[in-house]
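Understanding the architecture of this molecule
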Amino acid sequence: MTEANPVLRVRGLRKRYGDAPVLRGVDLDLPAAAVLGLVGLNGSGKTTTIECILGLRDFQQGDVSVLECGPGELFRLQGDIIAIFDSPSVAPHLTVRQCLEHARRMCPRPVRSCAEVERLLGIESYSGFRIRQLSLGNRRRVSIAHGLLGAPRLILLDEPFNGLDAGGVDQVLALIGELNRETGASFLLSSHQLPYLEAVCSHIAILHQGRIAVAGELQGLLADTGSRVVLRSSEPARARELLGGDERIELLGEGTDGRLLLRLEDYSSEQLAAHLVHNDVPVAELIRQRASLDSLFRQLTAGEAA
């Protein structure tokens, strides 16, 4: 993933806790006006990466640039960058409206009213509720509303979908897409909720074993994963023998019910079906699997619990 002037650039980031290395040389670019999903197994270092980017944790080696400022200079970007972590940080004894009014007074360039951001996040009915009375999902919405009082250029969200019900997830996804399209704001979303990221992200970076294993535009990455099909035949052994010598076909797995999982390279499922039928191999079912972020992630982290 390359960009002449990315809003975020990380090079060779290394971080360890004691003798335990967590980040082993992370390279990461976030292009302007992009929505980048940072994904990885639990404990892979996603939150640590964000904390190092924001100067909240020291790191042993590497270079970080956020809107052309280093982690120790982010005070210059007041209003241009917001970050919201997994545990919302809002005063529990204040009401939603009091929290937002206080945040608006602190905002250097407010562009939205408190009522407007309450509507954007669907929390207008909770305006008079104290924060401690709200669910985790609604406290998260209040945290996001804080940042949207201004016009941030970069928004970092750590596990933004935790604690939200299906309606809340849809609302946050729609809001991210709308802000990205209408204001050009860039997003870094750290999450393990792969279907949600696939729905909203333009770019993906997969953090694995302390490094970025793959990064780039999501659609391009999915196109590179190849075509997978599930073949079910009453004679799987004959099908396996027939297809085994073709370099365009890779056997990925076999089920006990006669199903074969295959990857096709420069070979269509229609050609596969015709080839089997021509050689009198019965085909009970042939299903083409759509490439997904989940399948890409599982390929890269094969053998480890997702």
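Structural data are supplied above this passage.
Here the structure is a predicted model, which is why all the values come from computation and not from measurement. (Residues numbered from 1 in each chain as written. Predicted model: local features only at pLDDT ≥ 70, side-chain atom pairs only at ≥ 80, totals over all residues. Heavy atoms only, no water.)

Re the environment of Asp86
As a reminder of what qualifies: Here a strand is any run of E in DSSP of at least two residues, a helix any run of H or I of at least four, and the numbering for each starts at the N terminus. Here a residue-residue contact requires only that any non-hydrogen atoms of the pair lie within 4.5 Å. We call two N or O atoms a polar contact when they sit within 3.5 Å, provided that within protein one can donate a hydrogen and the other can accept it, with sequence-adjacent residues counted only if both atoms are side-chain atoms.
Within the element layout of this structure, Asp86 appears in the loop between strand S5 (81-84) and helix H2 (96-106). Expressed as a C-alpha distance, the spacing of Asp86 and Gln193, which sit 107 residues apart in the sequence, is 13 Å. Ignoring sequence-local partners within four residues, the contact set of Asp86 consists of Arg140, Asp158, Glu159 and Asn162. Engagement of the side chain of Asp86 in a polar contact is seen with the side chain of Asn162, the distance being 3.2 Å.

Structural notes on the sheet that holds strand S8 (residues 203-208)
Convention followed: Strands were regarded as paired on the criterion that DSSP finds at least two bridges between them. Helix axes are fitted to C-alpha atoms over the stretch in contact, other axes to C-alpha atoms as well, and angles between N-to-C directions run from 0 to 180 degrees.
Spatial strand order, S5-S6-S7-S3-S8-S9: 6 strands in an open sheet with mixed pairing. Strands with a single pairing partner mark the edges of an open sheet, and in this sheet they are S5 and strand S9 (211-217). Each strand of the sheet is rotated relative to its neighbour by a mean of 15°, with strand direction disregarded. Across 4 bridges, S5 lies against strand S6 (residues 154-158) in parallel orientation. Within the sheet, the bridge partner assigned to Ile81 lies in S6 and is Leu154.

Looking at the sheet that holds strand S2 (residues 20-30)
Strands sit in the order S2-S1-S4 across an open sheet of 3 strands; the sheet is antiparallel. Each edge of the open sheet is held by one strand with a lone partner, namely S2 and strand S4 (61-66). Averaged over all pairs of adjacent strands, the angle between their axes in this sheet comes to 25°, without regard to strand direction. Sheet analysis places strand S1 (residues 8-17) next to S2, joined by 8 bridges and oriented antiparallel. Counterpart to Tyr17 in the pairing with S2 is Ala20. The strands touched by helix H1 (residues 46-53) are S1, S2 and S4; relative to S1, the strand with the most contacts, the crossing angle is about 115°.

What about the environment of Gly40?
Secondary-structure assignment places Gly40 in strand S3 (residues 35-40). For the pair formed by Gly40 and Pro88, sequence separation is 48 residues and the distance between their alpha carbons is 21 Å. Dropping the residues within four chain positions of it, Gly40 is found in contact with Lys46, Leu207 and Phe297.

Details of the packing of H2 against helix H4 (residues 136-147)
Definition in use: Note on terminology: angles under 35 degrees are roughly parallel, angles over 145 are roughly antiparallel, angles of 65 to 115 are roughly perpendicular, and the others are oblique. Put simply, a crossing is left-handed when the front helix is turned counterclockwise from the back one by less than a right angle, and right-handed when it is turned clockwise.
Direction vectors running N to C along H2 and H4 enclose 25°, while the axes themselves pass 9 Å from each other. In terms of orientation, H2 lies roughly parallel with respect to H4. The hand of the H2/H4 crossing is right-handed. Between H2 and H4, the contacting residues are Val96, Cys99, Leu100 and Ala103 on the first element and Val142, Ala145 and His146 on the second.

Structural notes on empty space enclosed by the protein
Test applied: Buriedness for pockets is judged along seven lines, at least five of which must meet protein on both sides within 12 Å for an open set on the 1 Å grid over protein atoms alone, while cavities are sets there where a 1.4 Å probe fits but cannot get out, and lining residues have an atom within 4 Å of a point. Grid points are joined across faces, edges and corners, and a volume is the space filled by probe spheres set on the points.
Inspection of the entire model under this criterion finds 1 cavity of 30 Å³ or more. Put simply, the largest cavity is a space of about 50 Å³. Around the largest cavity sit Ile144, Leu148, Ile155, Leu157, Val172, Leu175, Ile176, Leu179 and Phe187, which together line it. For the lining of the largest cavity, the secondary structure elements donating two or more residues are S6 and helix H5 (166-183). When residues of the lining of the largest cavity are assigned to their parent elements, the largest contribution, 4 residues, is made by H5.

Regarding the layout of surface pockets
Selection rule: Amino acids are sorted into nonpolar (Ala, Val, Leu, Ile, Met, Phe, Trp, Tyr, Cys and Pro), charged (Asp, Glu, Lys and Arg) and polar (every other residue, Gly among them).
When its volume is computed, the largest pocket comes out at roughly 750 Å³. Lining the largest pocket are 28 residues, and of these Ile81, Ile82, Ala83, His146 and Gly147 lie nearest its centre. Contributions of two or more residues to the lining of the largest pocket are made by S5, H2 and H4. By residue class, the composition of the lining of the largest pocket is 19 nonpolar, 9 polar and no charged.

Describing the packing of helix H8 (residues 236-244) against helix H9 (residues 269-278)
It is the contact of H8 with H9, at a shortest axis distance of 11 Å, that shows an interaxial angle of 115°. One finds that H8 runs roughly perpendicular with respect to H9. Here the hand of the crossing between H8 and H9 comes out right-handed. Within the contact between the two elements, H8 uses Ala239, Leu242 and Leu243 and H9 uses Leu272, His275 and Leu276. Among the residues making up the contact of H8 with H9, the classes are represented as 5 nonpolar, 1 polar and no charged.

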